[in-house]
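The lines below spell out each chain.
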Amino acid sequence: MKTICILSGTDRPGSMALKIANHVKPLYEKQGVNARVVSLEDFPLAEAIGGNYGKDLPQIEAFRNEVIDADGIVMVIPEYNGSFPGVLKMFIDYLPFPDAFHKKPIAFIGEAAGAFGALRAVEQMQMICSYRNAHICPERVFMQRVKKIFDEEEGIGDEMVSKLLNSQVEGFIQFVSQIETMESV
Ligand SMILES: Cc1cc2nc3c(=O)[nH]c(=O)nc-3n(C[C@H](O)[C@H](O)[C@H](O)COP(=O)(O)O)c2cc1C
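Residues numbered from 1 in each chain as written. Predicted model: local features only at pLDDT ≥ 70, side-chain atom pairs only at ≥ 80, totals over all residues.

### Regarding the overall build of the chain
What the chain contains, in helices and strands, is seven helices and eight strands. Seen through its principal axes, the chain has C-alpha atoms that stretch 45 × 40 × 25 Å. Long-range contacts, defined as pairs at least 24 residues apart, comprise 75% of the intrachain contacts of the chain with a sequence gap of at least 6. (Helix = DSSP H or I, 4+ residues; strand = E, 2+ residues; numbered from the N terminus. Contact = placed C-beta atoms within 7 Å.)

### Concerning unusual backbone geometry
Here the residue pair F97 and P98 is connected by a cis peptide bond, since its omega of 5° sits within 30 degrees of zero. Along the chain, P98 turns up in the loop between α4 (86-93) and β4 (105-111). Its identity as a non-glycine residue notwithstanding, K103 has a phi of 65°, on the positive side. Using a count of 12 C-beta atoms within 10 Å as the deciding quantity, one classes K103 as exposed. Even without being a glycine, N133 presents a positive backbone phi close to 70°. Checked against the element boundaries, N133 lands in the loop between α5 (119-131) and β5 (135-136). (Buried ≥ 20, exposed ≤ 12 C-beta atoms within 10 Å, placed from the backbone.)

### Structural notes on the pairing of strand β1 (residues 3-8)
Of all six residues in β1, five are buried, a share of seventy percent or more. Across six bridges, β1 lies against strand β2 (residues 34-39) in parallel orientation. Across the sheet, the residue bridging to I6 is V37, located in β2. Taken together, β1, helix α1 (residues 16-29) and β2 constitute a β-α-β crossover, and its handedness is right-handed. Pairing geometry for β1 and strand β3 (residues 72-78), over five bridges, is parallel. Along β3, the bridge assignment pairs L7 with M75. (Pairing = 2+ DSSP bridges. Right-handed = clockwise from strand over helix to strand, strands pointing away.)

### Regarding the site of the ligand
Around the ligand, the surrounding shell holds 15 residues, and the nearest of these are S15, M16, A17, P78 and G114. In terms of residue class, the shell around the ligand is built from seven nonpolar, five polar and three charged. (Near = placed C-beta within 6 Å. Nonpolar A, V, L, I, M, F, W, Y, C, P; charged D, E, K, R; others polar.)

### Overview of the environment of Y53
Residue placement: Y53 occurs in the loop between α2 (45-48) and α3 (58-68). Residue class for Y53 comes out exposed when judged on the 10 C-beta atoms lying within 10 Å of it. Here the alpha-carbon distance between Y53 and P96, two residues 43 residues apart in the chain, equals 9.7 Å.

### Regarding the nonpolar core
I6, V74, M75, V76, I77 and I106 are the most contacted members of the largest nonpolar core, which totals 52 residues. When near neighbours in sequence (up to four residues on either side) are disregarded, I6 contacts A21, V24, K25, A35, V37, V74 and V76. (Core = buried A, V, L, I, M, F, W, Y, C linked by C-beta atoms within 7 Å.)

### Some points on the environment of N52
Relative to the helices and strands, N52 resides in the loop between α2 and α3. In this structure, the C-alpha to C-alpha distance between N52 and Y94, residues 42 residues apart in sequence, is 8.8 Å. For N52, the residues in contact, after removing those within four places along its chain, are E47 and L57.

Structure (structure tokens):
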């Protein structure tokens, strides 16, 4: 059975990113996929402080393995200052080098209080993931004015966004399988 990691891309307590990640998890499970949510709220930041790049960091290693051992990664990215949260870059900077996202299928969900729905944040992150040799899923989902269209209890209140999300879930599972086949030949 495939494993998908849904990464909540911020350490902000009470974030919409984590609520959305928890909403997305059962959508994958319904399709017969093993899904887990990993939140950057739990990133062991203390171990990174002081610029400990390349050192033996057992807590960070355990955290990052939960993400990169999955067959595919769904990043839920909030928009902070027209970009993605700094802790997400910190997480990436502590991935093993040069492997990091090598050949890893990655899908993106952007979400923001504002009208751009984290479009810039996602596109900036796509650049980084492509640089690190990830396979980017072409189906992206953007949630604009996220507090108006998403509620933890009610789910997604916008029909179009809901359709796009369901389509991304089905599309990403196929994408992960196709990449696996392509890489095995
Ligand atoms: C540090 C910070 C910067 C933010 N910058 C933006 C921004 O540039 N554009 C925007 O639409 N919303 C911005 N927001 C609001 C977030 O989009 C909003 O909190 C939304 O719920 C997504 O973030 P969350 O997953 O942390 O809840 C910012 C929030 C924080 C905490």
